[in-house]
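Architecture at a glance
Letter by letter, the chains look like this.
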Amino acid sequence: MATASPDKGHQPVVVTLPQYFGPEVHAQPPMMVHQSAVNIPAVQPSDDIIWSLACFMYGNPLCLGLAALIFSVKARDRKVVGDLEGARHYGSTARVINIVATVLTSVAAVLTIIVLLALTSR
C-alpha cells in the first residue's frame, strides 16, 4: 500500500492502539497515522467505432451496421464534449446493435455455406 506525505491541510494524528494478549490489555506506544486521498479517474465509456465500421462495411443486415455507426459517432461526440453519461448510453446502444448485426451476419454466412455444401453434394 502506497503512502504519501501529508498535505499542508492534513496533519498526522497520534493514536494509541490497545493490544490484546489474553485477558489483559496492554497499551502500545503512540503511532503516527497518515491520511491520504486517492484520485480515481473516471472510466471513459467505449464507443466501439471500429466494430461499427466493420459491421457497416462487411455485414450490414437491415442497415444495422449504419445504425451502429451513427450511435458510435454520437457516443464519441458526447465523450469529446464531456457528457460521459450520454456517451455511455449511446455506446451501449451501439454495442447492442453491433451484437445483433454480427449475429445476423454470422447466421447468414453459416446458412449460405450449408446451402452451398448441400447443393454441391447432390
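Remember, it's a predicted structure, so these values are computed and weren't measured experimentally.

1. Observations regarding a nonpolar patch on the surface
The grouping of Trp 51, Ile 99, Val 103, Val 107, Val 110, Leu 111 and Ile 114 at the surface amounts to a nonpolar patch, some 610 Å² of accessible area in total. Tallying contributions element by element places helix α3 (residues 84–121) first for the nonpolar patch, with 6 residues. Its place among the elements puts Ile 99 in helix α3.

2. Considerations on the side chain of Ser 72
By the secondary structure assignment, Ser 72 is in helix α2 (residues 64–81). At 2.6 Å, the side chain of Ser 72 forms a polar contact with the side chain of Ser 52. Discounting residues that sit within four places of it in the chain, Ser 72 has contacts with Asp 47, Asp 48, Ile 49, Ser 52 and Ala 94.

3. Concerning the nonpolar core
General note: in soluble globular proteins, nonpolar side chains tend to be found buried as a group. Counting residues in each nonpolar core, the largest one holds 5 residues, listed as Cys 55, Leu 64, Ala 68, Ile 97 and Ala 101. For this core, the secondary-structure elements that each account for two or more residues are α2 and α3. With near-sequence residues (within four places) excluded, Leu 64 lies in contact with Ile 97, Val 100, Ala 101 and Leu 104.

Cut-off values and rules
Residues numbered from 1 in each chain as written. Predicted model: local features only at pLDDT ≥ 70, side-chain atom pairs only at ≥ 80, totals over all residues. Heavy atoms only, no water. Patch = residues over 30% accessible without salt bridge, like charges linked within 9 Å, V, L, I, M, F, W, Y side chains within 5 Å. Areas by Shrake-Rupley, 256 points an atom, 1.4 Å probe, with all protein chains shown as cover. Salt bridge = Lys/Arg side-chain N within 4 Å of Asp/Glu carboxyl O. Helix = DSSP H or I, 4+ residues; strand = E, 2+ residues; numbered from the N terminus. Polar contact = N/O pair within 3.5 Å; in protein donor to acceptor, adjacent residues only side chain to side chain. Contact = heavy atoms within 4.5 Å. Core = buried A, V, L, I, M, F, W, Y, C linked by side-chain atoms within 4.5 Å. Buried < 20%, exposed > 50% of the residue type's maximum accessible area, 1.4 Å probe, protein only.

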